[in-house]
Amino acid sequence: MNNRIKVFFILALGLFFSLGYANLGYANSTSAKHYIAYYDSLVFESMTNYGEGYIEVPVGDKLLDYQTLEGDGMLTETGDPTTITTEDGLLPTDPYDLTLEGDQLPTDPYDLTLEGDQLPTDPYDLTVEGDHPTTDQLDSTIEEDQSTTDPNGQTAEGDQTASDQLTDSETQLDPTNDLSIINQKTKKYISGYTSNGRLMVPIRTISEYLDLQVKFENGRLIVENFVRTVEFIPGSNKYYVNGNEYVAETKIFMVSGQNYVPFNVIAKSFDIPYYHNQLNNWIELSGDNQDLYIYIKPETSMYAYKPKEVVSLMYHHFQDGIAANGVVISPERFREHLHALKAQGYETITEQDYLNYQQGNTDLPLKPLIITIDDGYESNYLEAFPILAEEGYKATVYLTTSKAETKPGYMQYMNWEQMKEMVDSGVMDIQSHTHDLHYQLPKNGTNRGYALVDKLPYEDHTTWAARIKEDMRTSKQLIEENLGNKVYAFAYPYGVYSDAVVNLLKQEGYTVGFTIDQGKNTKYNSPMKLKRYTADGRFTGDYLVSMIK
């Protein structure tokens, strides 16, 4: 009797385990059920195939939940749930995964995507609330300008959700990633202009970033890649996408030798993801190695006017905690200056822009402004550079090249790597403030001479000129070799110059010279004797604006 009970018990136990394995199913069965374990970790434990395709869930961490998926989905050897495919296409609800149920994406402080299909309401952005494109008239929307057919073969409304527009090229920032990799990317800043309520961008500049080909053929401006071709007709609102005709609200135009085209047409036609930063009022395009920022400028900033005057400002050092004066300004006061200037419609230009204007080769913004920063202190990089970038203004640093990467006093000078970043950004330029002539000579009687303009005791005119030209040549060479930009402008140390110095500068290829004489410049000023206002750190923004009016 006891033996019969034992045999019955063994048979029952065997039947129990057989049914247990049968419930797990086989991995090659269309009705198989797969179990996924979630742990107290952002990284899933490895799951391996077991025996005849059974799934083994390893132990060792606290098991939080199971998800059962019907269908013929397979787990890979890594056990990554994102590799599972099921009949209904659903993915598991995973508190640690970036993909949630249905089409919903997580609310992520590092991500540009909001909950559900909804992206920010943005008059300059392609992505808008829900499934519907914006009808805001300010700028680039995905709605057809005057057509019901999408040039990409999609209808303008309903077929394309905001989440559908996200592509693999978009960088989804994960807070678990090493952000130092992201910070290694360079930044480039350019200007676009609003015209008739649309953002117009320089096509040749952005085509280099977007890997588009641009050419002018048969009277048409053609922009293309291996998928699409967009053709613009100068002087017309018509444009063509793969041969289909559409009508834009703004004609293309040329400014400073560049053709400007509607950004919404380019972004829509080539499926370009971007983000409108409303705080800084720019468009952000994120690339693998470089991010492109397109300032959204008003029409008065366009190079389309013939102003009578050009204002120049002079700064030096940016620092908190020390007394402000003609050389030192706090970063907060500097930003205040820029806000006041912007509110009055001033737009920064480069020294080359001014030269081109003098020569009749270009127009200028309505209220042109040149910002100069003398000497090359490290605060130019740490403080002024980011503020200028955020405010959409440009500036030129006039560097005493012998001081680069040194700290001769209590103020550190910039290094070449910092300056290279500034120049490559398009926000800052570096020009010459001599190589090593920014000092005064020992007192001779009641006067002190200046190393640039005065002779040393043993010098005659020939030896003096040779010394000065060598310095000018060295400064120019160091900047061009280290930064790759063209050096053509010069700021006179202490504002002191002479006709003889001007002649030597011209011989060495310099075409612009800045004094510290107060006043405005006109189209007819000598470009070698330009005036500048000292932007004293004690001046409020309002006072600065009143002074230069």
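Scroll up to find the structure this text is about.
These lines cover the structure that appears in this document, whether it is placed above or below. (Residues numbered from 1 in each chain as written. Predicted model: local features only at pLDDT ≥ 70, side-chain atom pairs only at ≥ 80, totals over all residues. Heavy atoms only, no water.)

Observations regarding the packing of helix α9 (residues 461-483) against helix α10 (residues 499-507)
Move 1: Packing of α9 against α10 leaves a shortest axis separation of 10 Å and a crossing angle of 50 degrees. Judged by the inter-axis angle, α9 sits oblique to α10. The chirality of how α9 crosses α10 is right-handed. Residues W464, A465, I468, K469 and M472 of α9 form the contact with α10, whose participating residues are A500, V501, L504, L505 and Q507.
Move 2: Looking at side-chain class alone, the contact of α9 with α10 contains eight nonpolar, one polar and one charged residues. (Axes fitted to C-alpha atoms, helices over the stretch in contact; angles between N-to-C directions. Helix = DSSP H or I, 4+ residues; strand = E, 2+ residues; numbered from the N terminus. Parallel < 35°, antiparallel > 145°, perpendicular 65-115°, else oblique. Left-handed = near helix turned anticlockwise from the far one by under 90°. Contact = heavy atoms within 4.5 Å. Nonpolar A, V, L, I, M, F, W, Y, C, P; charged D, E, K, R; others polar.)

Some points on the packing of helix α8 (residues 416-425) against α9
Move 1: Close contact between α8 and α9 brings their axes to 9 Å; oriented N to C, the two are set at 70 degrees. When the axis of α8 is compared with that of α9, the two are roughly perpendicular. Within the contact between the two elements, α8 uses W416, M419, K420 and V423 and α9 uses L478, I479, N482 and L483.
Move 2: In terms of residue class, the contact of α8 with α9 is built from six nonpolar, one polar and one charged.

Focus: helix α11 (residues 541-548)
Move 1: Those residues of α11 lying buried are G541, L544, V545 and I548. Across the axial projection of α11, the buried residues extend over an arc of 95 degrees, all falling on one side.
Move 2: The inward-facing, buried residues of α11 contact β17 (311-315), α5 (331-343) and β28 (533-534). (Buried < 20%, exposed > 50% of the residue type's maximum accessible area, 1.4 Å probe, protein only. Arc of directions from axis to C-beta.)

What to know about the sheet that holds strand β15 (residues 282-286)
Move 1: If you trace the seven strands from one edge of the open sheet to the other, you get β12-β13-β6-β5-β16-β15-β14, paired in mixed fashion. With one partner strand each, in any of the chains shown, β12 (253-255) and β14 (275-277) form the two edges of the open sheet. Neighbour-to-neighbour, the strand axes of the sheet open up by a mean angle of 35 degrees, direction not taken into account.
Move 2: Two strands pair when backbone bridges link them, and strand β6 (residues 198-202) and strand β13 (residues 258-262) are joined in this way by three bridges, in the antiparallel orientation. For V201, the partnering residue across the bridge sits in β13 and is V261.
Move 3: Sitting on the sheet, helix α3 (residues 203-210) is in contact with β5 (186-195), β6, β13, β15 and β16 (290-297), with an inclination near 75 degrees to β6. (Pairing = 2+ DSSP bridges.)

What about the environment of K420?
Move 1: Structurally, K420 can be placed in helix α8.
Move 2: By relative accessible area, which is 32% here, K420 ends up partly exposed.
Move 3: Residues K420 and N485, spaced 65 residues apart in sequence, show a C-alpha to C-alpha distance of 9.3 Å.
Move 4: Those residues in contact with K420 that sit more than four places away from it in its chain are N482 and L483.

Notes on the packing of aromatic side chains
Move 1: Taken as a whole and assessed by the stated rule, the structure comprises 21 aromatic pairs.
Move 2: Ring centres of F253 and Y260 lie 5.7 Å apart, and the angle between their planes is 10 degrees; on these two criteria the pair is classed as stacked. Each member of the pair, F253 as well as Y260, carries the same accessibility label: buried.
Move 3: Between F539 and Y543, the aromatic rings sit 4.8 Å apart at their centres with planes inclined by 55 degrees, giving tilted as the arrangement.
Move 4: In this structure an aromatic cluster arises from ring pairing among Y189, W282, Y293 and Y295.
Move 5: Taking the ring centre of Y346 as reference, the NZ or CZ of K367 above it sits at 5.4 Å.
Move 6: K523 extends its terminal NZ or CZ atom over the ring of Y357, reaching a point 4.9 Å from the ring centre. (Phe/Tyr/Trp six-rings, centres within 6.5 Å; stacked < 30°, edge-to-face > 60°. Lys NZ or Arg CZ within 6 Å of the ring centre and 35° of its normal.)

Observations regarding the pattern of salt bridges
Move 1: By the definition in use, this model includes 23 salt bridges.
Move 2: The partner of K520 in a salt bridge is E309, and the shortest N-O contact between them spans 3.3 Å. Separated by 211 residues along the polypeptide, K520 in the loop between β27 (512-514) and β28 and E309 in the loop between β16 and β17 bring together distant segments of the chain.
Move 3: Members of the salt-bridge network, linked through shared partners, are R335, K342, E390 and E391. (Salt bridge = Lys/Arg side-chain N within 4 Å of Asp/Glu carboxyl O.)

Observations concerning the sheet that holds strand β7 (residues 213-217)
Move 1: Across the sheet, which stays open at both edges, the five strands sit in the order β7-β8-β9-β10-β11 with antiparallel pairing between neighbours. Taken across any chain shown, the strands that pair with only one partner, and hence form the sheet edges, are β7 and β11 (244-247). In this sheet, adjacent strand axes meet at a mean angle of 25 degrees when their direction is disregarded.
Move 2: Docked against the sheet, α3 engages β7 and β8 (220-224), running at close to 140 degrees with respect to β7.

Considering the pairing of β17
Move 1: For β17, the buried fraction is high: five of the five residues fall into the buried class.
Move 2: The alternating pattern of β17 places V311, L313 and Y315 and S312 and M314 on opposite faces, both of which are buried.
Move 3: Here five bridges tie β17 to strand β21 (residues 368-375), and the two strands are oriented parallel to one another. From the neighbouring strand, S312 faces β21, where its bridge partner is I370.
Move 4: For β17 and β28, the ladder comprises two bridges, and the chain directions are parallel. Along β28, the bridge assignment pairs M314 with T534.

Quick look at helix α7 (residues 379-391)
Move 1: For α7, built from 13 residues, the straight-helix expectation of 18 Å at 1.5 Å per residue is met to within 8% by its first-to-last C-alpha distance of 17 Å.
Move 2: The largest bend in α7 is about 30 degrees, located at F385, with the proline P386 one to four residues further on.
Move 3: Considered for burial, the residues of α7 that qualify are S379, N380, Y381, A384, F385, I387, L388, A389 and E391.
Move 4: Two residues or fewer after α7 comes G392, characterised by a positive phi angle close to 80 degrees. (Expected span 1.5 Å × (residues − 1). Bend = angle between axes of the 7 residues up to and from the residue.)

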